[in-house]
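Take a look at the letters that make up each chain.
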Amino acid sequence: MLTIGEFSRLGRVSPRMLRHYDALGLLCPQAVGENGYRYYQQEQLERLLRIRRLQDYGFPLAQVGRLLGLSDEELLPHLHRRRLDAHYEVYRMQERLREMEADILRMEGRPMPEEMYHVTVMPDPEQTVFGIRCTVPVAKFHDLFQELRGELARR
């Protein structure tokens, strides 16, 4: 059995957070001594790491409790949704950064660039393309290129 201090060091979480997880019913100590000390088993680290990972993904603790009991197959749609939400959050943050940069330029009296990127459209002549689809180890790259050269010569 590990004391709350030992368990918190192994799990890289504060004893205060472990008490909070206990109060929420997410991770209860294996035993509580007569002195009120909390004791955990090393096997409980896996659950702690899963809680932390779900939190890091952006799930609120209220939702983490429900997600802990799910199998990987059941958890997968929740992760897909959270990933989409995270992409949207990143997009919104990038928008805020662009607005902030524009305000900074305006406040500094610097001209705002009309175009952020200059795009040149160029004609691309028609080309014949062929390929060979296969999976090869790195050691066989040379052989693959030889095969491509042979195919090129035949065509």
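Calculation rules
Residues numbered from 1 in each chain as written. Predicted model: local features only at pLDDT ≥ 70, side-chain atom pairs only at ≥ 80, totals over all residues. Heavy atoms only, no water. Helix = DSSP H or I, 4+ residues; strand = E, 2+ residues; numbered from the N terminus. Buried < 20%, exposed > 50% of the residue type's maximum accessible area, 1.4 Å probe, protein only. Core = buried A, V, L, I, M, F, W, Y, C linked by side-chain atoms within 4.5 Å. Contact = heavy atoms within 4.5 Å. Arc of directions from axis to C-beta. Salt bridge = Lys/Arg side-chain N within 4 Å of Asp/Glu carboxyl O.

Student: So what's going on with unusual backbone geometry? Residues and values would help.
Tutor: Outside of glycine, negative phi angles account for most residues, and trans bonds account for most peptide bonds. One non-glycine residue with positive phi stands out, namely R12, at about 55 degrees. Within the secondary structure, R12 is located in the loop between α1 (4-11) and α2 (15-24). Note on R12: relative accessible area 72%, which makes it exposed.

Student: Tell me about the nonpolar core, and name the residues and values.
Tutor: Core analysis: the biggest nonpolar cluster contains 19 residues, and F7, L18, Y21, L27, L48, I51 and V64 have the highest contact counts within it. Those elements giving two or more residues to this core turn out to be α1, α2, α3 (45-56) and α4 (61-68). Ignoring any residue separated from it by four or fewer positions in sequence, one finds I51 in contact with Y21, L26, L27, L61, V64 and L68.

Student: Provide a residue-level description of α4, including the pertinent values.
Tutor: Turning to α4, its buried residues number three or more, namely L61, V64, L67 and L68. The buried residues of α4 occupy an angular sector of 105 degrees when the element is viewed end-on, so they sit on one face. With respect to the buried face of α4, the exposed residues turned more than 90 degrees away are A62 and R66. On its buried side, α4 packs onto α2, α3 and α5 (72-107).

Student: Can you explain the pattern of salt bridges? Please cite residues and give values.
Tutor: According to the stated counting rule, one finds nine salt bridges in the structure shown. Its salt-bridge partner being D103, residue R106 comes within 3.7 Å of it at the nearest N-O pair. Note that R106 and D103 are positioned in helix α5 at a spacing of three residues, about one turn of the helix. For R106, a relative accessible area of 56% translates into the label exposed. Two residues, E151 and R155, come together in a salt bridge whose shortest N-O distance is 2.6 Å. With relative accessibility at 18%, the residue E151 sits in the buried group. Salt bridges here are not isolated pairs; linked through shared partners, they connect E151, R154 and R155.

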